[in-house]
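Structural overview for review
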Amino acid sequence: MRILFSSTPAHGHLLPQLPLARAFRERGDDVVFLTAGGLAPLLAKEGFDLLPAGPTMDVMVEDFTRRTGVLPEGEPAPEVVAELFAGVRVDVTADEALAAARDWRPELIVTELADCVGPLVAAALDVPVANLAYGPALPDVFAAAMEANVASRYAARGITPRPAAHYLDTCPPAMQQDGWQPPAGRLALRPEPHGQTPAGQGSPDPAGSTAPADPERRRPRVLVTFGTVFSAPEVLSPILRELSKEDMELRVTLGLTASAEDFDVDHDRVTFVGFTPLSELLRDTDLVVAHGGAGTTLGTLAAGIPMVIAPQGADQFIQADRVAAAGAGLGLPGGTATPEGVVKAASAVLADQGFRAAARTVADQIAAMPSPAEVAAALAAEPAPVA
């Protein structure tokens, strides 16, 4: 088959698609990604070809702000999400994406939760869509706002919207929204931390195998990672200064552009690491303090490690709420994500083994989900829409 993966141009949106893309490639299928050219270096490292279309996320945000006068920061409103992903991105990407995809002739398009370009391209080309949800389902109010906003973009191009043939659900039951009903075409899909080697190919850390806390080690090891977008030194430095006062071994990810020298902290008490696959960072880790990106959250819980989530924007508030609901950590909503609040929450999670037990339960649920290889085989066997 010829499989096109369409993604919003951001690491947090693209990385959760990679395990399934690898699985298709291992089957011998042709796989290509459709997103901004700025992500070419990442995809090249993974061995995937790219059909470049549209600008990078920072350019999109600038365009959004020029149009609306609003900075998309903090907890997002439905109309902000809809205008950015279903308005601005479609306007500046869809036509270029459609031309590139038409030339490549895909037989199946895999999109992700916030991608409104891939479904439009699929409808224009009469190709089935599999929509990958990287975490809990998008609340109805957000989904409705995006659908309403993108409708005019379909109409302007004479395209009729069509429902996704498949909903690829990476969310374990313990984290799903209360009262959620699975849509038609749902296929569970096991999420994997970025960088994990597929099972059976020599991976030292398959899902759920990360070592638990070592009771003989005096200082707990805490990973602090705020992803590639929200890891600004001015945000993290106050949190790190407070955490470094505690009896913890701290490792901190730098994101894509910062250096260790940018952080105003005691460098004797904090170890910084550059962009590193999450699967490597999780080894022998007792607690993850994070912003709540979907890939980071599900990857951490797949390893049975509890979390403290200090959400900064996007869907991170949803992740924080669902991790807390599962008992696998603490979320800090609203104005509680202060440095002092983070330290208090981290100390509480480390002191209570109930959080680790709940994280282990979530990890067991994730391990029981169908693997990317199994889902790829199912999609290849039935690429057409299902009832």
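Our structure's up above, just so we're on the same page.
Figured I'd write up the structure that's included with this text.

Procedures and definitions
Residues numbered from 1 in each chain as written. Predicted model: local features only at pLDDT ≥ 70, side-chain atom pairs only at ≥ 80, totals over all residues. Heavy atoms only, no water. Helix = DSSP H or I, 4+ residues; strand = E, 2+ residues; numbered from the N terminus. Buried < 20%, exposed > 50% of the residue type's maximum accessible area, 1.4 Å probe, protein only. Contact = heavy atoms within 4.5 Å. Polar contact = N/O pair within 3.5 Å; in protein donor to acceptor, adjacent residues only side chain to side chain. Expected span 1.5 Å × (residues − 1). Arc of directions from axis to C-beta. Phe/Tyr/Trp six-rings, centres within 6.5 Å; stacked < 30°, edge-to-face > 60°. Lys NZ or Arg CZ within 6 Å of the ring centre and 35° of its normal. Pairing = 2+ DSSP bridges. Axes fitted to C-alpha atoms, helices over the stretch in contact; angles between N-to-C directions.

**Here's the deal with the overall build of the protein chain**
- Within the protein chain, the secondary structure is distributed over 14 helices and 13 strands.
- Looking at the protein chain as a whole, 55% of its 387 residues qualify as buried.
- A sequence separation of at least 24 residues applies to 68% of the contacts in the protein chain between residues at least 6 apart.

**Observations regarding unusual backbone geometry**
- Located in the positive-phi region is Arg105, a residue other than glycine, with phi close to 60 degrees.
- Here Arg105 lies in the loop between helix 5 (78-104) and strand 4 (108-112).
- Judged by relative accessible area, Arg105 falls into the exposed class, the value being 58%.
- In this model, Asp126 sits at a positive phi of 60 degrees, which is unusual for a non-glycine residue.

**Here we look at the environment of Thr253**
- Within the secondary structure, Thr253 is located in strand 9 (residues 249-253).
- Sequence spacing of Thr253 and Phe226 is 27 residues, and the spatial spacing of their C-alpha atoms is 7.4 Å.
- When near neighbours in sequence (up to four residues on either side) are disregarded, Thr253 contacts Leu223, Val224, Thr225, Phe226, Leu236, Val273 and Leu281.
- Reaching out from Thr253, the side chain makes a polar contact with the side chain of Thr225 at a distance of 2.9 Å.

**Remarks on helix 13 (residues 353-367)**
- For helix 13, which comprises 15 residues, the first-to-last C-alpha distance of 21 Å matches the rise-based estimate of 21 Å (1.5 Å per residue) to within 8%.
- Taken together, the buried positions of helix 13 are Phe355, Arg356, Ala358, Ala359, Val362, Ala363 and Ile366. Buried residues in helix 13, looked at end-on, bunch into an arc of 160 degrees, giving them a common side.
- On its buried side, helix 13 packs onto helix 10 (294-302), helix 11 (316-326), strand 13 (329-331) and helix 12 (339-351).

**Considering the packing of aromatic side chains**
- As enumerated under the stated definition, the model contains four aromatic pairs in all.
- Judged by centre distance (6.2 Å) and plane angle (70 degrees), the rings of Phe5 and Phe24 are edge-to-face. Placement of Phe5 in strand 1 (residues 2-6) and of Phe24 in helix 2 (residues 18-27) is noted, with a sequence separation of 19 residues between them. Considered together, Phe5 and Phe24 belong to a single accessibility category, that of buried residues.
- In textbook terms, an aromatic cluster arises when at least three aromatic residues are bridged by ring pairs, as seen for Phe5, Phe24, Phe33 and Phe48.
- Geometry around Trp104 places Arg2 over its ring, the cationic atom sitting 4.1 Å from the centre.

**Concerning the sheet that holds strand 8 (residues 221-225)**
- With parallel pairing, six strands are arranged side by side in an open sheet as 10-9-8-11-12-13. Of all strands in the sheet, those bounded by a partner on one side alone are strand 10 (270-273) and strand 13. Put simply, the sheet's adjacent strands are angled 15 degrees from each other on average, direction ignored.
- Two strands pair when backbone bridges link them, and strand 12 (residues 307-309) and strand 13 are joined in this way by three bridges, in the parallel orientation. If you follow Met307 over to strand 13, its bridge partner there is Gly329.
- On top of the sheet, helix 10 reaches strand 8, strand 11 (287-290) and strand 12; it is set at about 165 degrees to strand 12, its chief contact.

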